[in-house]
Amino acid sequence: MMRTLGLFVIFLFAAALCATAQTDLLLTQYYEVPSYYNPAATGTTDLLRLRVGSRMQWVGIDNAPRLFLGVADTPFRLFGRRFGGGMWIKQERLGLYEDLSVALQLSYSFRFLGGSLSVGLQPGMLNEKFRGSEVFIPDDDNYHEETDEAIPRSDMSGSVFDLGTGIVYSRRHFSLGVGCSHLMSPTVTFSSDHTSSSAESGREYEFKARRTLYFTADGNIELKRSLFELMPSMMVATDFNFTRLIATARVRYKQFLSFGAGYRHDDAVSLMLGAEYKGFFLGYSYDYPLTEISRASSGSHEVMAGYSLKLDFGAKNRYRQKSIRIM
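Residues numbered from 1 in each chain as written. Predicted model: local features only at pLDDT ≥ 70, side-chain atom pairs only at ≥ 80, totals over all residues. Heavy atoms only, no water.

### Considering the overall build of the protein
The test is simple: Strands here mean DSSP runs of E at least two residues long; helices mean DSSP runs of H or I at least four residues long; both are numbered from the N terminus. Each residue gets one of three labels from its accessible area relative to the maximum for its type: buried under 20%, exposed over 50%, partly exposed in between, using a 1.4 Å probe on protein chains only. To be clear on the numbers: accessible area is Shrake-Rupley with a 1.4 Å probe, and residue cover counts the displayed protein chains and nothing else.
Along its length, the protein carries 2 helices and 17 strands. Counting the 327 residues in the protein, one finds 43% classified as buried. Of the roughly 18,500 Å² of accessible surface on the protein, a fraction of 60% belongs to carbon and sulfur atoms.

Printed below as a string of structure tokens:
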């Protein structure tokens, strides 16, 4: 247990050295959807896992970020080897921008240094949309002009192939991972069938998805002679221009009820509550902002729900059904 704590603290300290800002919209309950941030996390348990979640960020502010996410992953065996498969779909809205992305995932796991090492690959599609028809520039705006060529005035969208990868090392009481999204830094070129002016039709608008790394660490420490478990976790997301650290400490009782607190560097403090029963899961988290944005927003809310089904990879399947005629 001390070795586990030591590794976790070292990794947390190293990650905290570079934490300053934020990349993609991050979930407070990131620990419930590890495969979303790292394809190597698919199939790392003997469970078929399904999760759906919604995040409402900065409630009280018009056009604040909104996120919906669906994630699924499962282990399977092929040619005597262990693999993991999964997929996720994300819909995100930030102001006049909309993002609808989908990805498939495949991972391969093998024994390594007394634990398990998993590597994963994630092909997908990135679709971006900008609602230029809703652009409004006030007359007293000192930064933009009504004829600003950098701002499209019609609805535009574009799609591009996306690729991610990752690696996860796990043992009984902890796991460490590094995932990479937008591996090739793809560029979405926007196009529109209708333009607000003939001049706009000749312009080209682009969106570049920055390559982003996700460093994760999770622990599961069983307290002796107790029904409680300590579950520390952390994640650092960086695109080398923008970085964010999230650290979380949770306690689980009888593998049923969990509660905890978290901290987003230079952003917010969080409280979370979760419950598991016969494979079903329901979780909620609340973020209270620590920045000036607290003057306009009461905080951020996040709800997560899902189901997990135990799979058997033993030589004999104890869940196998027999005909009553031969019992």
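### Digging into the environment of Met-125
Condition: We call two residues in contact whenever any of their non-hydrogen atoms come within 4.5 Å of each other.
Mapped onto the fold, Met-125 is located in strand 5 (residues 115-131). Through-space distance from the C-alpha of Met-125 to that of Leu-100 is 8.5 Å; in sequence the pair is 25 residues apart. Discounting residues that sit within four places of it in the chain, Met-125 has contacts with Leu-100, Ser-101, Val-102, Ser-159, Val-160, Phe-161 and Asp-162.

### Digging into the confidence of the model for the protein
Keep this limit in mind: The predictor rates its confidence in each residue with pLDDT, a number between 0 and 100.
Looking at the protein as a whole, the pLDDT averages 83, with 81% of positions reaching at least 70. Across residues 1-22, confidence stays below pLDDT 50; counting only partners more than four residues off in sequence or on other chains, it has 36 contacts. Low pLDDT (under 50) marks residues 317-327, which in the prediction has 6 contacts with non-local residues, meaning those over four places away or in another chain.

### Topic: the packing of aromatic side chains
Given two aromatic rings, one states the distance between the centres and the angle between the planes to describe the pair. Stated formally: Any two rings among Phe, Tyr and Trp, with Trp reduced to its six-membered ring, count as a pair given centres within 6.5 Å; such a pair is stacked if its planes are under 30 degrees apart, edge-to-face if over 60, and tilted if neither. Lysine NZ or arginine CZ positioned within 6 Å of the ring centre and within 35 degrees of the ring normal marks a charge as sitting over the ring.
Counted according to the given criterion, the structure contains 12 aromatic pairs. With a centroid separation of 5.0 Å and an interplanar angle of 80 degrees, the aromatic rings of Tyr-36 and Trp-88 are classed as edge-to-face. One end of the pair, Tyr-36, is in helix 2 (residues 34-37); the other, Trp-88, is in strand 3 (residues 81-94), with 52 residues separating them in the sequence. Among the residues examined, Tyr-36 registers a relative accessible area of 11% and is labelled buried. Chaining the aromatic ring pairs together yields one cluster made of Tyr-36, Tyr-37, Trp-88 and Tyr-214. Over the aromatic face of Tyr-31 sits the side chain of Arg-250, whose NZ or CZ is 3.7 Å from the ring centroid.

### Here's the deal with the pairing of strand 12 (residues 228-238)
Here is the rule we go by: At least two DSSP bridges between two strands are required for those strands to pair.
Within strand 12, 9 of the 11 residues are buried, which leaves the element mostly enclosed by the surrounding structure. Taken together, the 6 bridges between strand 10 (residues 212-219) and strand 12 define a ladder with antiparallel strand orientation. By the bridge assignment for strand 12, Ala-217 is matched with Met-234. Bridge analysis of strand 11 (residues 221-222) against strand 12 gives 2 bridges, and the strand direction is antiparallel. Residue pairing in the sheet places Ile-221 in a bridge with Leu-230 of strand 12. The loop that links strand 11 with its antiparallel partner strand 12 comprises 5 residues; one of these, Arg-225, has a positive phi angle of about 55 degrees. Between strand 12 and strand 13 (residues 243-253), which pair antiparallel and follow one another directly, the connecting turn spans 4 residues, one of which, Phe-240, has a positive phi of 70 degrees.

### Here we look at the environment of Trp-88
Taking relative accessible area as the criterion, Trp-88 reaches 8% and is therefore assigned buried. Residues Trp-88 and Ser-35 lie 53 residues apart in sequence; the distance between their C-alpha atoms is 8.5 Å. Those residues in contact with Trp-88 that lie beyond four places of it in its chain are Ser-35, Tyr-36, Leu-69, Gly-70, Val-71, Ser-101, Val-102, Ala-103, Gln-105 and Gln-122.

### Re the environment of Glu-128
Here Glu-128 is to be found in strand 5. On the accessibility criterion, Glu-128 (6% relative accessible area) is buried. Each C-alpha atom, one on Glu-128 and one on Asp-99, is 4.7 Å from the other, the two residues being 29 residues apart in sequence.

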